[in-house]
Amino acid sequence: MNDDPRLSADELIRRLRGTLSPWRRLRGAVALVAGLTGAAFIGLLWATEPGPLPGRLHLAFGMFTVVCLTWAGYGAWAVTRGAPLYAMDRVIAAWLALTASTATTALLTVIALRRDSGLTATLTVGIAFIAASAASLVRAHTRRTALLRRIRELQTRDDQD
Amino acid sequence: MTDELLVLRCRLGERDALTELIRRWHTPVWRYLARMLDIGRADDVSQEVWLEVIRGLPRLKDPARFTPWLFTIARRAVTNRLRQEYGQAAAPADEPIAEDATDAYVDRAELIAGLSGLPAAEREILVLFYLEDLPLTDCAEICGIPVGTVKSRLNRARRMLRDTLLRKGFQP
């Protein structure tokens, strides 16, 4: 039997390039952040809309919210079950989450203040999201730092040998 | 660069390290798959194995134990493929530990020639130990059996291989 594969390593790498792509890995995190941000934004607009709304507008708000939550659901699935997130991907994803939750909370707070409605709920949910994002960022940085330290140790040992 | 260092760089997210890891281990994994299945299916299954490796690398607990982890994935892929094809579990069953004094030297070329005539469990242990040069502990981890069982399975496999080769006309 021939000991060399018909499918070369380079051809295999070419076939796996989608899985190896950082964007492919990060798109789940992007969908999750964008979906949650959009759902929060539309939900607050819907909840604080002054005056009675026509039925079609309720339907439109509801549909937009469902679309955003669907994207968030896809993102959550992709992050937990789909493409893996490596240490650097986790840092980027955590920064995305922190930036999006901070910006969304600030924007929604301004809207709640102007409409004089839903401020407490906005701040409670917004701060919870910011805290969760900050915690995941700290965890991602800690994990990456530990990996870098171990890599340096092994490289030093290799150089000494 | 050691495998552990390469795996750590992969877990960091370095694409170059991932491609280097595939280049380094593609042929040994393919050889194992080709012995356990055949050349045609080995190409197909090796892609499945590497997809699983890329997905699983962030969860690998001990990067220094990459080799047995990699072959455990390859073994699972073989089992899944055989199960799909035959509609029944194809994982080799554990055998009782048996003492055997056979310690005949096994020539690589003869080994390859005789492998196809052996049952899956014996073929697998010979491929891992002789063709992939893995230590007994790694073979045990990959097959999910104690080291003692690996030794007895190796002895039995060598005996079966010798009988197969004698039937094919090889001289001892």
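Residues numbered from 1 in each chain as written. Chains lettered and ligands numbered in written order. Predicted model: local features only at pLDDT ≥ 70, side-chain atom pairs only at ≥ 80, totals over all residues. Heavy atoms only, no water.

Chemist: Please clarify how the pattern of salt bridges should be interpreted in this entry.
Modeler: When the charged atoms of two side chains lie near each other, side chains of opposite charge can form a pair. Residue and element names in this part refer to chain B. Applying the stated rule across the entire model yields 16 salt bridges over all chains. A salt bridge links Asp44 to Arg81; its shortest N-O distance comes to 3.0 Å. Here Asp44, found in helix α3 (residues 39-56), pairs with Arg81, found in helix α4 (residues 66-86); they are 37 residues apart in sequence, far enough to count as distant. Relative accessible area serves as the criterion here: at 11%, Arg81 is assigned to the buried category. (Salt bridge = Lys/Arg side-chain N within 4 Å of Asp/Glu carboxyl O. Helix = DSSP H or I, 4+ residues; strand = E, 2+ residues; numbered from the N terminus. Buried < 20%, exposed > 50% of the residue type's maximum accessible area, 1.4 Å probe, protein only.)

Chemist: Hey, could you run me through the packing of helix α6 (residues 119-160) of chain A against helix α1 (residues 3-12) of chain B in this one?
Modeler: Angle between the axes and distance between the axes are the two parameters that describe a pair of packed helices. Remark: α6(A) packs on α1(B), axes separated minimally by 10 Å, with the N-to-C direction vectors making an angle of 155°. Between α6(A) and α1(B), the angle falls in the class roughly antiparallel. α6(A) and α1(B) meet at a crossing whose hand is left-handed. For the pair formed by α6(A) and α1(B), the contact residues are A:Arg144, A:Leu147, A:Leu148, A:Arg150, A:Ile151, A:Leu154, A:Gln155 and A:Asp158 on the first element and B:Glu4, B:Leu5, B:Leu8, B:Arg9, B:Arg11 and B:Leu12 on the second. (Axes fitted to C-alpha atoms, helices over the stretch in contact; angles between N-to-C directions. Parallel < 35°, antiparallel > 145°, perpendicular 65-115°, else oblique. Left-handed = near helix turned anticlockwise from the far one by under 90°. Contact = heavy atoms within 4.5 Å.)

Chemist: Whenever I open this one, the domain arrangement of chain B confuses me. Can you help?
Modeler: Accessible area lost when the parts come together is the quantity often used to give the size of an interface. All names here are of chain B. Here chain B is partitioned into domain 1 (3-86) and domain 2 (108-167). If you average the C-alpha positions of domain 1 and of domain 2, the two centres end up 20 Å apart. On the domain 2 side, the residues contacting the 11 residues of domain 1 number 14 residues. Summing both sides of the interface, domain 1 and domain 2 together bury roughly 1,300 Å²; the carbon and sulfur share of this comes to 53%. Interface area lost by domain 1 to domain 2 is led by Arg35, Met36 and Arg75, which between them contribute 43%. Linking domain 1 with domain 2 are four salt bridges, by the criterion used here. Of the charged contacts, one joins Glu141 and Arg65 as a salt bridge, the two residues approaching to 2.5 Å between their closest N and O atoms. Connecting domain 1 to domain 2 are seven residue pairs in polar contact (both at pLDDT 80 or more). Put simply, the parts of the chain that give the side of domain 1 that touches domain 2 at least two residues each are α2 (15-36) and α4. The class makeup of the residues in the side of domain 1 that touches domain 2 is five nonpolar, two polar and four charged. (Domains from an automatic or database assignment. Buried area = accessible area lost by both parts, 1.4 Å probe. Polar contact = N/O pair within 3.5 Å; in protein donor to acceptor, adjacent residues only side chain to side chain. Nonpolar A, V, L, I, M, F, W, Y, C, P; charged D, E, K, R; others polar.)

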